[in-house]
Amino acid sequence: MLDLDNFKLYNDRYGHPAGDRVLRAVGAAISAVGGSAYRYGGDEFALIVLGGTSVQEAEISERLAAGIASILPSTEAPLTASIGAAWFPAAGPTKDVLVAAADKELYRAKAKAKAKPSGLLDAD
């Protein structure tokens, strides 16, 4: 599961058409790491990385974070995302159990992100 950090601020400043372009670019960044993106809600995505393993989690997350950070022009603060991962079959045998496990990890990551400033739109 992936949720863009502070994305509402971007939409509020630049408008929903600009936000929609960013969301499409996030989908492309997900595809670039070998995953499939499914919009889960607002600025949340469910990702499926076939053949991915928990051992590869850090590498996948780093590549994904770099791809997302490169979406906005260098004059803007980088776009960031919180990511929660769950791997089949270790996290559970069904889609619902996997989604719940990944969502739990996502909220853990969001709590860490809130503890440190993201920089997104901090400077006006």
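Nothing here was measured: the structure is a model prediction, and the numbers come from that model. (Residues numbered from 1 in each chain as written. Predicted model: local features only at pLDDT ≥ 70, side-chain atom pairs only at ≥ 80, totals over all residues. Heavy atoms only, no water.)

Some thoughts on helix 4 (residues 95-115)
Applied cut-off: Where helices and strands are cited, they refer to DSSP runs of H or I of at least four residues and of E of at least two residues respectively, numbered from the N terminus. Helices are assigned an expected span. That span is 1.5 Å times one less than the residue count. Burial classes follow relative accessibility: with a 1.4 Å probe on protein chains only, a residue under 20% of its type's maximum area counts as buried, one over 50% as exposed, and anything between as partly exposed. Regarding the arc, it is the one traced by the directions from the helix axis to the C-beta atoms. In this description, contact between two residues means that some pair of their heavy atoms is separated by no more than 4.5 Å.
With 21 residues, helix 4 extends 30 Å from end C-alpha to end C-alpha; this agrees with the ideal 30 Å at 1.5 Å per step. Among all positions of helix 4, only L98, A102, L106, A109 and K110 are buried. Buried residues in helix 4, looked at end-on, bunch into an arc of 110 degrees, giving them a common side. Along helix 4, the residues that are exposed and aim more than 90 degrees away from the buried face are D96, K104, K114 and A115. Structurally, helix 4 contributes buried residues whose contacts are with strand 1 (2-4) and strand 4 (81-83).

Examining the layout of surface pockets
Spelled out, the test is: Buriedness for pockets is judged along seven lines, at least five of which must meet protein on both sides within 12 Å for an open set on the 1 Å grid over protein atoms alone, while cavities are sets there where a 1.4 Å probe fits but cannot get out, and lining residues have an atom within 4 Å of a point. Grid points are joined across faces, edges and corners, and a volume is the space filled by probe spheres set on the points. When residues are grouped by polarity, Ala, Val, Leu, Ile, Met, Phe, Trp, Tyr, Cys and Pro land in nonpolar, Asp, Glu, Lys and Arg in charged, and all others, Gly among them, in polar.
Considered as a void within the structure, the largest pocket measures approximately 620 Å³ in volume. L47, I48, V49, A86 and L98 are the residues nearest the centre of the largest pocket, which is lined by 22 residues in total. Only strand 3 (44-48), helix 3 (57-69) and helix 4 provide two or more residues apiece to the lining of the largest pocket. Partitioning the lining of the largest pocket into residue classes produces 17 nonpolar, three polar and two charged.

Considerations on the pattern of salt bridges
A pair can form between side chains of opposite charge whenever their charged atoms are brought close. Note the threshold: Note on definitions: salt bridges are taken to be side-chain nitrogens of Lys or Arg within 4 Å of carboxyl oxygens of Asp or Glu.
Applying the stated criterion to the full structure yields six salt bridges. Taking the shortest distance from any N to any O, the salt bridge between K110 and D5 comes out at 3.3 Å. With K110 in helix 4 and D5 in the loop between strand 1 and helix 1 (7-14), this residue pair connects regions lying 105 residues apart in the sequence. On the accessibility criterion, D5 (7% relative accessible area) is buried. Within the structure, one salt-bridge network assembled from shared partners comprises D3, D5 and K110.

Details of the pairing of strand 3
Under the convention used in this document: Think of it this way: DSSP has to see at least two bridges between two strands before they count as a pair.
One ladder, built from two bridges, connects strand 1 with strand 3; its direction is antiparallel. The residue of strand 3 that forms the bridge with D3 is E44. Taken together, the five bridges between strand 2 (residues 36-41) and strand 3 define a ladder with antiparallel strand orientation. Counted as the bridge partner of G41 is E44 from strand 3. Counting the residues that bridge the hairpin from strand 2 to strand 3 gives two residues.

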